Amino acid sequence: MREKLRILVAEMVRGGVPLDLARREFERVYLEEVLATHEGNHSAAARELGIHRNTLAKKLEAPPSRLRRVSLAS
């Protein structure tokens, strides 16, 4: 898994993705994946994440970053 992450990060660096945007995108995708494992149950996902469900909802409310519209695939 670490190698896959390293490859993705290298692509992001080559693509000029700033660290702040990379962090926000990673967090959003991570939260979405945890939420999916709990079939959309915000309370269960928040418990697993160790955050309040309102915090989870607020983080997911933010508009998706522009990175989602930029293709990193070569």
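As shown above, the structure is provided for reference.
What counts and what doesn't
- Residues numbered from 1 in each chain as written.
- Predicted model: local features only at pLDDT ≥ 70, side-chain atom pairs only at ≥ 80, totals over all residues.
- Heavy atoms only, no water.
- Core = buried A, V, L, I, M, F, W, Y, C linked by side-chain atoms within 4.5 Å.
- Buried < 20%, exposed > 50% of the residue type's maximum accessible area, 1.4 Å probe, protein only.
- Helix = DSSP H or I, 4+ residues; strand = E, 2+ residues; numbered from the N terminus.
- Contact = heavy atoms within 4.5 Å.
- Salt bridge = Lys/Arg side-chain N within 4 Å of Asp/Glu carboxyl O.
- Axes fitted to C-alpha atoms, helices over the stretch in contact; angles between N-to-C directions.
- Parallel < 35°, antiparallel > 145°, perpendicular 65-115°, else oblique.
- Left-handed = near helix turned anticlockwise from the far one by under 90°.
- Nonpolar A, V, L, I, M, F, W, Y, C, P; charged D, E, K, R; others polar.

K.L.:
I keep staring at the nonpolar core and nothing clicks. Help me out?
P.N.:
Grouped burial of nonpolar side chains is what soluble globular proteins tend to show. Leu-31, Val-34, Leu-35, Ala-45, Ala-46, Leu-56 and Leu-60 together form the largest nonpolar core, which totals seven residues. Looking at this core, the elements with two or more residues in it are helix 2 (19-37), helix 3 (42-49) and helix 4 (53-61). Take this core: its biggest share by element is three residues, from helix 2. Once residues within four sequence positions are removed from consideration, Ala-46 is found in contact with Ile-51, His-52, Arg-53 and Leu-56.

K.L.:
I tried to follow the pattern of salt bridges on my own but got confused; where do I start?
P.N.:
Side chains bearing opposite charge may pair, as long as their charged atoms lie close to each other. Summed over the entire model, instances satisfying the criterion amount to three salt bridges. Notably, a salt bridge pairs Lys-59 with Glu-27, separated by 2.9 Å at the nearest N-O pair. Separated by 32 residues along the polypeptide, Lys-59 in helix 4 and Glu-27 in helix 2 bring together distant segments of the chain. Since its relative accessible area comes to 33%, Glu-27 is described here as partly exposed. Salt-bridge contacts for Arg-28 lead to Glu-32; the nearest nitrogen and oxygen are separated by 3.2 Å. You can see Arg-28 and its partner Glu-32 sitting in helix 2, four residues apart, about one turn around the helix. For Arg-28, a relative accessible area of 14% corresponds to the buried category. The partly exposed category is assigned to Glu-32, whose relative accessible area is 29%.

K.L.:
Would you explain the packing of helix 2 against helix 3 in this entry?
P.N.:
Relative orientation and spacing of two packed helices are given, respectively, by the angle between their axes and the distance between those axes. Between helix 2 and helix 3, the shortest axis-to-axis distance is 8 Å and the interhelical angle comes to 120 degrees. The angle between the axes of helix 2 and helix 3 places the two elements in the oblique class. Pair helix 2 / helix 3 crosses with right-handed handedness. Mapping the contact onto sequence places Tyr-30, Leu-31, Val-34, Leu-35 and Thr-37 in helix 2 and His-42, Ala-45, Glu-48 and Leu-49 in helix 3. For the contact of helix 2 with helix 3, the residue count by class is six nonpolar, two polar and one charged.

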